[in-house]
Amino acid sequence: MNEPGIQTPPVPWWTAGILLGLVQVLAIALATSLDVSDQFVAVDARTLEHLAPEYAQNHPLISDEEHNRFGYASWVGVGLVLGACLAALHLRMWKVRAATIWWQQSHEGPVVLRLIAGFGGGVCLLLGAGLAGGGITGQFSTGWAQLSLSAVPFTAAVFGAGMLVAYLVYPKAPPRNKRGP
Amino acid sequence: MAIPFVGIIIGAIFGASLVLTGLTDPDRIIGSLRLKDFHALRTVIVSVLVAMLGVWLLGLGGADHPDIKPAAILTVLIGGALVGIGLGLTGFSPTTGLACAASGRIDALVAVIGMFFGAHVYILTYPAIVPRLEKVLNYGQVTLPQLTGTSQIIWIAPVFAAGLVALVLTRRGGSGYSEPRAKTENLGLSEGIAAAGSPAIATDGLHAVSVFRLWKNSLFVVLVLALVCLQAIFWLTNTGQVQISRDDVSSISTGQTAAEEQPSGSATMPTRGPVLPALLPFDLTLKQITLVIHAVNTILVFACVLYCLTAYMALSVSIRNRLGGLTHISRTFYFSVLALILLLPWQIVLAPVGVGTIYTPHEMAKSCTTLAAGTYETVLFYLRFSGIWAAVCLVLTIAQWRSFRWTKTVLLKYEDTGRHIG
């Protein structure tokens, strides 16, 4: 799990941006946005329906079919995992890793701390995405593409909190030779 | 059956794109949040701008499927802050977390498990908290143009400008590719090569490479902007946003009015009305856009010729100084020539056999106001105005991609030489 350095992305930033933008346009032209954060809630809702049917029936969120059905977004999630895995294998970027360069630079403890931070971060991510009605893809990317009002406060909150937390958690920047390609 | 298939295909393309663009690397995300490495930020800005323009064009054609999230300001702010905390802690978003886990990251896998737990917490706390919070400052599913009662273009222009400003401001922070470039330009590599006494590699060649690269990239940006402008004008005209009278079409082609020209074949041809209601806050006439089309056409021809010449000069410098990357720069040159061939208005001299991306105002106005006879004619019409345009964009992108590979090869070669010397 050694990290020799931050990997160089296969394409430069502008090509990457154009590519991602066109994928979003394609998604909106064919069906709807690419947000998959709802599907975490849908999976949990379905699980609760099986484990505690009475609770689920009276729950305002789970009983709402919009929040507990598997549909297009679920298949997007499946495709996302498949596509990312195949692309990583094809580009020889598939590698088992547990920590990041930034984490190793700022924290000398065992890698399990990174995993704990990952778990905590994951909880915050989905709790936040649920409250906001979408994650980075749904609220920020697709939101700005459609010029929706909700994208404005969401962007301010995400970048404000994200920059503050990153500054506190990752105080030491890795040296240039590790950061660059 | 269609929904799973479309979903999986779109998801697979999206997942592969995330890996390809480097957004699955949490170090890049953290680097952007710490304002040290702007690769991810610049990528996201460009993607948002492209998506915004694309969605706008889709909307003009009525082909979009909008998914506007409710603007409950308080819950969006709290939720956004929580997403920001998660992003700052892990370097993943829910989407990139899944893609990262699929590419072998154990920390991402743990984060995905955390996301399921977070979703569970959300479900458990929902009845007591969320409905109350959602009522505070809830504007509903509304867009900025709808809220202000203005046209979409009024908002697109400043957002696009802000995005460009952000790209300029983050230019020096490093995009991940800046390091070898900086080394070369800051004489580190040049000195290393000079110290090595390698006569085959001339330091002048390095300076030439950086000059040609700058010009080539600038010309590419100009070409892309001009092409987008040309296509936008076509769609504005095709969707009825530009006022075209029969007199306009006749006067541009012959300098006469339609009344003087009667009876002509075109006067009896069936015409079609505007496809969409007026979306622009101001009136746009054919005479106004004629000037723009002529300017854009001129810019396109000059920029593409210069692009070809720059690619040729870069190829020449590569050969003479043995800089390497000849395969890439040769292909850049041939693709740029191909783009020029596709761009030139061959219909003026070779009609009806040849046709090019560049169109004349009269040609476009006549085609856009004439009702197509059938499906075949409609397909030909869109192939002529959008198909060739897309082909030029593709060829230019390939040329630029190859030139990027050439630059990278040259710089890596110098870096390797310097390291070997060191």
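Reading the values: the criteria
Residues numbered from 1 in each chain as written. Chains lettered and ligands numbered in written order. Predicted model: local features only at pLDDT ≥ 70, side-chain atom pairs only at ≥ 80, totals over all residues. Helix = DSSP H or I, 4+ residues; strand = E, 2+ residues; numbered from the N terminus. Contact = placed C-beta atoms within 7 Å. Buried ≥ 20, exposed ≤ 12 C-beta atoms within 10 Å, placed from the backbone. Nonpolar A, V, L, I, M, F, W, Y, C, P; charged D, E, K, R; others polar. Core = buried A, V, L, I, M, F, W, Y, C linked by C-beta atoms within 7 Å. Axes fitted to C-alpha atoms, helices over the stretch in contact; angles between N-to-C directions. Parallel < 35°, antiparallel > 145°, perpendicular 65-115°, else oblique. Left-handed = near helix turned anticlockwise from the far one by under 90°. pLDDT = per-residue confidence, 0-100. Expected span 1.5 Å × (residues − 1).

Thoughts on the overall build of chain A
Helix and strand counts for chain A stand at 10 helices and zero strands. Helices (α) and strands (β) of chain A occur, in sequence order from the N terminus, as α-α-α-α-α-α-α-α-α-α. For chain A, contacts bridging at least 24 residues in sequence account for 57% of all contacts bridging at least 6.

Description of the overall build of chain B
Per the secondary structure count, chain B includes 18 helices and two strands. The burial tally for chain B puts 43% of its 422 residues in the buried class. Expressed as a percentage of contacts within chain B between residues at least 6 apart in sequence, the contacts between residues at least 24 apart total 75%.

Side note on the interface of chain B and chain A
Residue-level contacts link 116 residues of chain B with 122 residues of chain A. Per-element tally for the side of chain B that touches chain A: the top contributor is helix H6 (residues 106-134) of chain B, with 20 residues. Here the side of chain B that touches chain A is composed, by residue class, of 70 nonpolar, 33 polar and 13 charged.

Side note on the nonpolar core
Among the nonpolar cores identified, the biggest contains 113 residues, and Ala-84 and Leu-126 of chain A are the most heavily contacted of them. Here this core gets 13 residues from one element, more than from any other, and that element is helix H3 (residues 39-60) of chain B. Discounting residues that sit within four places of it in the chain, Leu-126 of chain A has contacts with Ser-37 and Phe-40 of chain A together with Pro-94, Met-115, Gly-118, Ala-119 and Tyr-122 of chain B. Of all hydrophobic cores here, the second largest spans 48 residues; its members include Leu-219, Val-242, Leu-286 and Phe-335 of chain B.

So, the packing of helix H2 (residues 37-51) of chain A against H6 of chain B
Running from amino to carboxyl end, H2 of chain A crosses H6 of chain B at an angle of 65°, the nearest separation of the two axes being 9 Å. Taken together, the axes of H2 of chain A and H6 of chain B are roughly perpendicular relative to one another. The hand of the H2 of chain A/H6 of chain B crossing is right-handed. Along its contact with H2 of chain A, which presents Phe-40, Val-41, Val-43, Asp-44, Ala-45 and Leu-48 of chain A, the element H6 of chain B presents Met-115, Phe-116, Ala-119, His-120, Tyr-122 and Ile-123 of chain B. Residue composition of the contact of H2 of chain A with H6 of chain B, by class: 10 nonpolar, one polar and one charged.

Regarding the environment of Phe-333 of chain B
Residue and element names in this part refer to chain B. Along the polypeptide, Phe-333 turns up in helix H15 (residues 326-343). Of the residues examined, Phe-333 has 23 C-beta atoms within 10 Å and is grouped as buried. Excluding anything up to four places from it in sequence, Phe-333 contacts Ala-311, Tyr-312 and Leu-315.

Some thoughts on the packing of helix H5 (residues 94-102) of chain B against H6 of chain B
All names here are of chain B. In contact at an axis separation of 8 Å, H5 and H6 are set at 135° when each is read in the N-to-C sense. The orientation of H5 with respect to H6, classified from their angle, is oblique. As H5 runs across H6, the sense of the crossing is left-handed. Here H5 contributes Pro-94, Gly-97, Leu-98, Cys-100 and Ala-101 to the contact with H6, which in turn contributes Ala-108, Leu-109, Ala-111, Val-112 and Met-115. In terms of residue class, the contact of H5 with H6 is made up of nine nonpolar, one polar and no charged.

Describing the confidence of the model for chain B
Residues and elements named next belong to chain B. When pLDDT is averaged along chain B, the result is 78, and 79% of the positions lie at 70 or above. Put simply, helix H9 (residues 178-185) is where chain B has its lowest mean pLDDT, 39, and helix H4 (residues 73-90) is where it has its highest, 93. With pLDDT under 50 throughout, residues 175-197 is counted as low confidence; its partners more than four residues away or in other chains account for 48 contacts. With pLDDT under 50 throughout, residues 255-269 is counted as low confidence; its partners more than four residues away or in other chains account for 14 contacts.

A word on unusual backbone geometry
Look at Leu-147 of chain A: it is not a glycine, yet its phi comes out positive at around 55°. Note on Leu-147 of chain A: 21 C-beta atoms within 10 Å, which makes it buried. For Leu-137 of chain B, which is not a glycine, the phi torsion comes out positive at approximately 50°. Within the secondary structure layout, Leu-137 of chain B lies in the loop between H6 and helix H7 (144-148).

Some remarks on helix H8 (residues 136-145) of chain A
Residues and elements named next belong to chain A. For H8, the buried fraction is high: 10 of the 10 residues fall into the buried class. Those residues of H8 lying buried are Ile-136, Thr-137, Gly-138, Gln-139, Phe-140, Ser-141, Thr-142, Gly-143, Trp-144 and Ala-145. Leu-147 occupies a position one or two residues after H8 and carries a positive phi of about 55°.

What to know about the confidence of the model for chain A
Per-residue pLDDT for chain A averages 83, and the proportion of residues at 70 or more is 90%. Considering each helix and strand of chain A separately, the mean pLDDT is smallest for helix H10 (residues 176-179) of chain A, with a value of 55, and largest for helix H9 (residues 151-169) of chain A, with 93.

Description of helix H7 (residues 112-132) of chain A
All names here are of chain A. In this model H7 runs 30 Å from its N-terminal to its C-terminal C-alpha over 21 residues, within 8% of the 30 Å that 1.5 Å per residue would give. With 16 of its 21 residues buried, H7 lies for the most part within the structure. Looking at the residues trailing H7, positive phi occurs at Gly-133, about 85°.

So, the environment of Leu-340 of chain B
With respect to the helices, strands and loops of the structure, Leu-340 of chain B is situated in helix H15. Beyond its immediate chain neighbours, meaning those up to four positions away, Leu-340 of chain B contacts Cys-304, Val-305 and Cys-308 of chain B.

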